[in-house]
Amino acid sequence: MSLVVSRLEELLAAAPKTGLKASMYLGVVSSLSRLAEDAATVARLAECIATANQACKQRGGLLHCSTGCASIEAAKTGGETLLWKYSSNAGSIRVAEGRVEINTEEAKLSIEPGKAEVSLPSGEGWVTIEVDLRSIDDSIGKAYFIKYAIRKVGKLLRTLQWDLRNCARARAITC
């Protein structure tokens, strides 16, 4: 379990369990926790497939891997894994010990222990909203933006999981 997920689980355990505010807060934080877990799972799956295919090349301090599945590439440097899909439903995922970032054309979501950052497109560029996840009121007040971003980046995660699992199954790779 990553640091991000474990800290979000701590927030969930410490949160009140009754009342409307508590329900809304628990929904937001548990959705972010699930999203961070899914991003880490996708990163591990891509690494597993690329390693099984022996499709990784060391370039300086960067390990670049091609999964050979649905236009999905991966790179690893230090404790950070970066995945990107460059065809339909394009986007990227960055998984590090203390941070998870998921970017699509429709939304960007960054999750750190105790805070989240949502970026949404506007007419002039991107609007960024920071959310203090330790504050119930701040989380509830910005819940609409978080849930919107989760819906948008969740599509990318579901697509990546589906594509990578089907690819592993088709190649008889156990991950």
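Here goes a summary of the coordinates provided. Bear in mind that the values here come from a model prediction, so they are computed numbers and not experimental data.

**Here we look at helix α2 (residues 20-52)**
The terminal C-alpha atoms of α2 lie 48 Å apart, and with 33 residues this matches the ideal 48 Å at 1.5 Å per residue to within 8%. The first or second residue beyond α2 is Gln54, which carries a positive phi of 55 degrees.

**Overview of the pattern of salt bridges**
Taken as a whole and judged by the stated rule, the model has 11 salt bridges. Between Glu10 and Arg7 there is a salt bridge whose closest N-O contact spans 3.8 Å. One end of the pair, Glu10, and the other, Arg7, are both in helix α1 (residues 3-14), 3 residues apart, so they sit about a helical turn from each other. Relative accessible area serves as the criterion here: at 37%, Arg7 is assigned to the partly exposed category. Put simply, Arg94 and Glu80 hold a salt bridge, and the shortest N to O gap is 2.7 Å. Here Arg94 is found in strand β5 (residues 91-96), whereas its partner Glu80 is found in strand β4 (residues 80-85), with 14 residues between them in sequence. Residue Arg94 is classed as partly exposed on the basis of its relative accessible area of 30%.

**Concerning the state of the cysteines**
Counted by the stated rule, this structure contains 3 disulfides. With a sulfur-sulfur separation of 2.1 Å, Cys48 is cross-linked through a disulfide to Cys175. Across the S-S bond of Cys48 and Cys175 the torsion is about -90 degrees, and the bridge reads as left-handed. Residue Cys48 is found in helix α2, and its partner Cys175 is found in the segment after α4 (143-170); the two are separated by 127 residues along the sequence. In this structure Cys48 comes out as partly exposed when scored by relative accessible area, which is 24%.

**Some points on the packing of α2 against α4**
With their axes 10 Å apart at the nearest point, α2 and α4 run at an angle of 25 degrees to one another. When the axes of α2 and α4 are compared, the pair comes out roughly parallel. Relative to α4, α2 is oriented so that their crossing is left-handed. Each of Val28, Ser31, Leu32, Leu35, Asp38, Ala39, Thr41, Val42, Leu45, Ala46 and Ile49 in α2 lies in contact with α4, whose residues at this interface are Ala143, Ile146, Lys147, Ile150, Val153, Gly154, Leu157, Leu160, Gln161, Leu164, Arg165 and Ala168.

**A closer look at the side chain of Glu101**
Mapped onto the fold, Glu101 is located in strand β6 (residues 99-104). Since its relative accessible area comes to 18%, Glu101 is described here as buried. Among the polar contacts made by the side chain of Glu101, one reaches the side chain of Arg99 at a distance of 2.6 Å. Once residues lying within four places of it in the same chain are set aside, the contact partners of Glu101 are Ser92, Ile93, Arg94, Leu109 and Ser110.

**Topic: the packing of α1 against α2**
The contact between α1 and α2 brings their axes to 9 Å, and the two run at 160 degrees. In terms of orientation, α1 lies roughly antiparallel with respect to α2. Relative to α2, α1 is oriented so that their crossing is left-handed. Residues Val4, Val5, Leu8, Glu9, Leu11 and Leu12 of α1 form the contact with α2, whose own contacting residues are Tyr25, Leu26, Val29, Ser30, Leu32, Ser33, Ala36 and Glu37. Its residues assigned to classes, the contact of α1 with α2 shows 10 nonpolar, 2 polar and 2 charged.

**Quick word on the layout of surface pockets**
Any empty space left between the atoms is revealed when a probe the size of a water molecule rolls over them. Counted as a void, the largest pocket has a volume near 270 Å³. Along the walls of the largest pocket sit 16 residues, with Ser2, Ala40, Arg44, Val95 and Glu97 positioned nearest its centre. Contributions of two or more residues to the lining of the largest pocket are made by α2 and β5. For the lining of the largest pocket, the residue count by class is 7 nonpolar, 4 polar and 5 charged. A volume near 170 Å³ is recorded for the second largest pocket. Here the lining of the second largest pocket gets 6 residues from one element, more than from any other, and that element is α4. Of the residues in the lining of the second largest pocket, the class split is 3 nonpolar, 3 polar and 4 charged.

The rules behind the values
- Residues numbered from 1 in each chain as written.
- Predicted model: local features only at pLDDT ≥ 70, side-chain atom pairs only at ≥ 80, totals over all residues.
- Heavy atoms only, no water.
- Helix = DSSP H or I, 4+ residues; strand = E, 2+ residues; numbered from the N terminus.
- Expected span 1.5 Å × (residues − 1).
- Salt bridge = Lys/Arg side-chain N within 4 Å of Asp/Glu carboxyl O.
- Buried < 20%, exposed > 50% of the residue type's maximum accessible area, 1.4 Å probe, protein only.
- Disulfide = S-S within 2.5 Å.
- Axes fitted to C-alpha atoms, helices over the stretch in contact; angles between N-to-C directions.
- Parallel < 35°, antiparallel > 145°, perpendicular 65-115°, else oblique.
- Left-handed = near helix turned anticlockwise from the far one by under 90°.
- Contact = heavy atoms within 4.5 Å.
- Polar contact = N/O pair within 3.5 Å; in protein donor to acceptor, adjacent residues only side chain to side chain.
- Nonpolar A, V, L, I, M, F, W, Y, C, P; charged D, E, K, R; others polar.
- 1 Å grid on protein atoms, 1.4 Å probe; cavity = no way out; pocket = protein on both sides within 12 Å on 5 of 7 lines; lining within 4 Å.
- Points joined across faces, edges and corners; volume = space filled by probe spheres on them.

This is a description of form; function is not addressed.
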